[in-house]
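# Architecture at a glance
What follows is each chain in one-letter form.
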Amino acid sequence: MTWTKELDEAAVLATRSGHWHVVLFYLLCGLAAIPTSFLVFSQVFTNATPEHWCAPPPELDALDLPQDLLWNLTVPGEHGVYESCKAYEIDPDELHHALKEYVKERSVTIREGGAIHVTKISQLMPVIGDEEKNIQIERVKAAVLEVRGNVTTCTNGWIFKTEHYERTLVAEFSLVCEQDYLPRFSNTLFWVGSIFGNLFFGWMSDRYGRRPTILLMIFLEVPIAISASFATSYWAYVTLRVIGGLFFPALYQLPFILALELMPPKRRTYAGIVVGMLFAAGMCLLATLAYLLRDWYHLSLATSLPFILLYGYYWLIPESPRWLVGRGRVSEAEKVLRKLARKNGIELRRGFLLDLHNKIKEQEEEEAEAAMLPNGHVNTFTEKEKDELDRRISNMLTFKPDLTKISEEDKTENLEKIIALEVAEIVNKKSKLKRDSIPDDSELNVDSLQKSTQTDFKSPSNTLRRKSIQIVSKFFNQDDDIENRRIDDQNSEGDCKASPLDVFRYPNIRRKFFILTFNWVALGVVYNSLSYNTPNLGVDDYLAFFIGGAVELPSYFIAWRCMDRYGRRWVLCIFMSIGGLACLSCVFVPEARPWVTVSLAMLGRLCAAASFAVFYVQIGELLPTVLRAQAMGAASFISGLGLLACPYIVHLAVYSRALPLIIMGILCVMGGITSLFLPETLNQPLPQTLGDGEMFGRDFKLLSCVEKPKNNTINYDQT
């Protein structure tokens, strides 16, 4: 017996009227979307590479010559297109000799150590008057053509065009030519940080709770993002970016998970959609700010300083009731739901969650008694079968064998029933047996009750872990009522110590995890590569990025309507396949027609964004609550390894504009095909325990469609 139905019904009761849960829902979705969109994609503009060319010799700079003339004289090029990393070699002494009528000597004081030296330097001097200016220009042209030598690398620095970007990190620190790899490398390092941060915060979320983990990320991320604006060197900026990357994508996932676990079943579909729409809106806002500011320093401040307001979430967001029940803290889960209901103008009496639990338990017991085997007899077990069931459950709790092999070897009807029950009650049975052995004594103190329900050896590491959980719990939750603690101990289902390794111990969960991980890699690489590929599409960077964010907005609405009606798996397959084919079609478009390539790329981005919205809902519904954050963190870790390749996939555009899009298209089509091997989650209960997760979707068919919702409503009078 798990708490899946009870928590679904309790969420419905707490949100059946009022508006606070709607406000809370959008606050969580906004937290997951807006700051993270700025955090990830701001470097598209701060690390942008403006058009540039080699700076002329400083002697020519003093003459204030026209820029076009300097390009023609000092930079090799054809038909108005100049080299960005090459220049003609010009000897300053020969130039002074050829322009000796314009050369003047002056004295310059130079301090070397503690000594002061006065030296004379030769310098070309400008002239006054239009006629004299024209004569000088002609004389300079002849002299430069006479003395310039072979083509060489830039020795006098670079000049950056400021038409689109007044100042970027690339221009400020001259990250071009031999150092043009640094912006790509810094982007890669950002994703390295996100890989390890996601693992840590996923583990912390399942161990210490959603709320303290989210608050810790806000507390650390905001000052780090602000301090990146004041970096005095590029490596200082990169270091701060890598530290900031530790919080992405955990900052994107955990508020989404909390919203998913707080809301009633009918609103879960909206979670992924609203997060995606707000993320796209954040990208449009980022493009607008970048266009208006055009300076990396001001843009960095504008995308970090306002988020000081996020510290107010300390008083706004609650803990996840599902996580609390999974940890055996039933009374705290009820308190969260009652507080949510109270803010909605609904009064739920104390103990309502246990009432729901008892009613559903009685209902399921009645259904089990009425269940009939295929031969028409009532489904009962002999004493010998019960002993065998208890022994096998005990062994499975210790060794957790591959249940698929067992079911293949044993073909009898009764044993098939036993095995199904074993899977569904893997963790719950042990805690029930322990609880039954506790004497029903009202005067039993809490300490002895906790000792009697102890199932693990008290090693120093376990004791330290329990103490740390208690400290975090006391800091964020002040409830220490003895009666509440007794209720928790008596109703804990014992499935609260799941670890990421449990993903691999259960064959059905393992299979789903591997497919979800591959889809995440494919979608992550395609979506982020399409976003970073904006400057390679041959149109204005600001406009292309804004269009990319704008086309995502309708994609989420389309995805919402489709998956709410046709389910997750088929919608995900179709969107990923269409997006992949759109990207592959770019290979047939000539580079002389950039807007056709832009249109196909934006269609691919629309489908990728819609796929991501469906995928995030699907992965949250397929994984059980007790390891949802950890499993998503592990999948995101593997996906992050794929994201390391995004900057280099985008860089392939220097060879062919369509080459990055071909790679994205192949990945997208492969992801669409594999998504069909996942079970449908529409109209299905959210799995709470490992047993729920293992049983969910074991017998689905590849070409199956959406099942009709089951009406399991429990009548409950809250007054």
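Residues numbered from 1 in each chain as written. Predicted model: local features only at pLDDT ≥ 70, side-chain atom pairs only at ≥ 80, totals over all residues. Heavy atoms only, no water.

### Let's talk about the overall build of the chain
Within the chain, the secondary structure is distributed over 33 helices and eight strands. A buried classification covers 51% of the 719 residues belonging to the chain. Long-range pairs, those at least 24 residues apart, make up 81% of the contacts in the chain with a sequence separation of at least 6. If you sum the accessible surface of the chain, you get close to 33,300 Å²; carbon and sulfur atoms cover 58% of it. (Helix = DSSP H or I, 4+ residues; strand = E, 2+ residues; numbered from the N terminus. Buried < 20%, exposed > 50% of the residue type's maximum accessible area, 1.4 Å probe, protein only. Contact = heavy atoms within 4.5 Å. Areas by Shrake-Rupley, 256 points an atom, 1.4 Å probe, with all protein chains shown as cover.)

### Let's talk about the environment of Ser704
Among the secondary structure elements, Ser704 is positioned in the segment after helix H33 (690-695). It is 9.8 Å that separates the C-alpha atoms of Ser704 and Arg569, two residues lying 135 residues apart in sequence. Those residues within four positions of Ser704 in sequence are excluded, and the remaining contacts are Arg569 and Trp570.

### Re the pattern of salt bridges
Close approach of charged atoms allows side chains with opposite charge to pair. This model, assessed by the stated rule, comprises 13 salt bridges. When the shortest N-O distance is used, the salt bridge between Lys161 and Glu163 registers 3.6 Å. Note on Lys161: relative accessible area 31%, which makes it partly exposed. Here Asp355 and Arg349 are joined by a salt bridge, their closest N and O atoms 3.0 Å apart. For Asp355, a relative accessible area of 25% corresponds to the partly exposed category. Among the residues examined, Arg349 registers a relative accessible area of 33% and is labelled partly exposed. The network of salt bridges with shared partners includes Asp206, Arg210, Glu261 and Arg628. (Salt bridge = Lys/Arg side-chain N within 4 Å of Asp/Glu carboxyl O.)

### Things to note about a negative patch on the surface
A surface patch of negative charge is lined by Glu89, Asp91, Asp93, Glu94 and Glu146. As for its placement among the helices and strands, Glu146 is situated in helix H7 (residues 130-147). The class of Glu146 is exposed, set by a relative accessible area of 61%. (Patch = residues over 30% accessible without salt bridge, like charges linked within 9 Å, V, L, I, M, F, W, Y side chains within 5 Å. Lys, Arg positive; Asp, Glu negative; His and termini not counted. Charge placed at Lys NZ, Arg CZ, Asp CG, Glu CD.)

### Let's talk about the nonpolar core
Residues Phe41 and Phe45 are the most contacted members of the largest nonpolar core, which totals 137 residues. No other element matches helix H29 (residues 594-622), which puts 15 residues into this core. Leu65, Leu70, Leu99 and Ile137 belong to the second largest nonpolar core, which has 16 residues in total. (Core = buried A, V, L, I, M, F, W, Y, C linked by side-chain atoms within 4.5 Å.)

### With respect to the packing of aromatic side chains
Per the stated rule, a full pass over the model turns up 34 aromatic pairs. Ring centres of Phe190 and Phe248 lie 6.4 Å apart, and the angle between their planes is 25°; this geometry places the pair in the stacked category. Separated by 58 residues along the polypeptide, Phe190 in helix H9 (residues 181-208) and Phe248 in the loop between helix H11 (234-245) and helix H12 (250-262) bring together distant segments of the chain. Taking the relative accessible area as the measure of exposure, Phe190 reaches 0% and is therefore buried. The exposure class of Phe248 is buried, given its relative accessible area of 9%. Pairwise contacts between aromatic rings join Phe41, Phe45, Tyr165, Tyr252, Phe279, Tyr291, Trp520, Tyr527, Tyr542, Phe545, Phe612 and Phe615 into one cluster. (Phe/Tyr/Trp six-rings, centres within 6.5 Å; stacked < 30°, edge-to-face > 60°.)

### Remarks on the state of the cysteines
For the coordinates displayed, the defined rule picks out two disulfides. Residue pairing for Cys54: its cysteine sulfur links by disulfide to Cys154, the two sulfurs lying 1.6 Å apart. Its S-S torsion of about -55° marks the bond between Cys54 and Cys154 as left-handed, since a negative value means left-handed. You can see Cys54 sitting in strand S1 (residues 52-54) and its partner Cys154 sitting in the loop between strand S7 (151-153) and strand S8 (158-160), a full 100 residues away along the chain. On the basis of relative accessibility, which here comes to 2%, the residue Cys54 falls in the buried class. We classify Cys154 as buried; its relative accessible area is 15%. Two residues, Cys85 and Cys177, share a disulfide whose sulfurs are 2.0 Å apart. (Disulfide = S-S within 2.5 Å.)

### As for a nonpolar patch on the surface
A contiguous nonpolar surface patch, about 440 Å² in accessible area, is contributed by Phe219, Leu220, Leu305, Ile308 and Tyr311. Within the element layout of this structure, Phe219 appears in helix H10 (residues 210-227).

### Observations regarding the packing of helix H28 (residues 569-585) against H29
Contact pair H28 / H29: the axes reach a minimum separation of 8 Å and the direction vectors enclose 155°. The angle between the axes of H28 and H29 places the two elements in the roughly antiparallel class. Where H28 crosses over H29, the handedness of that crossing is left-handed. The residues of H29 that touch H28, namely those facing Arg569, Val571, Leu572, Phe575, Met576, Ile578, Gly579, Ala582, Cys583 and Ser585, are Leu600, Leu603, Gly604, Cys607, Ala610, Ser611, Val614, Phe615 and Gln618. Looking at the contact of H28 with H29 residue by residue, the classes come out as 13 nonpolar, five polar and one charged. (Axes fitted to C-alpha atoms, helices over the stretch in contact; angles between N-to-C directions. Parallel < 35°, antiparallel > 145°, perpendicular 65-115°, else oblique. Left-handed = near helix turned anticlockwise from the far one by under 90°. Nonpolar A, V, L, I, M, F, W, Y, C, P; charged D, E, K, R; others polar.)

### Overview of the confidence of the model for the chain
For the chain, the average pLDDT comes to 77, and 76% of its residues sit at 70 or higher. Taking the mean pLDDT of every element in the chain, the minimum, 35, falls on helix H22 (residues 446-452) and the maximum, 95, on helix H14 (residues 296-302). Segment residues 375-381: pLDDT under 50, and 13 contacts once partners within four positions in sequence are set aside and those in other chains are kept. In this model residues 489-495 is a low-confidence stretch, pLDDT under 50, and it forms 26 contacts with partners more than four residues away in sequence or in other chains. (pLDDT = per-residue confidence, 0-100.)

### Remarks on unusual backbone geometry
Located in the positive-phi region is Ser174, a residue other than glycine, with phi close to 55°. The residue Ser174 is located in the loop between helix H8 (169-172) and H9 in this model. At Cys177, a residue that is not glycine, the phi angle is positive and equals roughly 55°. Tracing the sequence through the fold places Cys177 in the loop between H8 and H9. Given a relative accessible area of 15%, Cys177 falls into the buried group.

### What to know about the packing of helix H2 (residues 20-41) against helix H13 (residues 265-293)
Relative orientation of the contacting elements H2 and H13 amounts to 40°, with a least axis distance of 8 Å. It follows from the interaxial angle that H2 and H13 lie oblique. As H2 runs across H13, the sense of the crossing is right-handed. Within the contact of H2 with H13, the residues separate by chemical class into 19 nonpolar, five polar and one charged.

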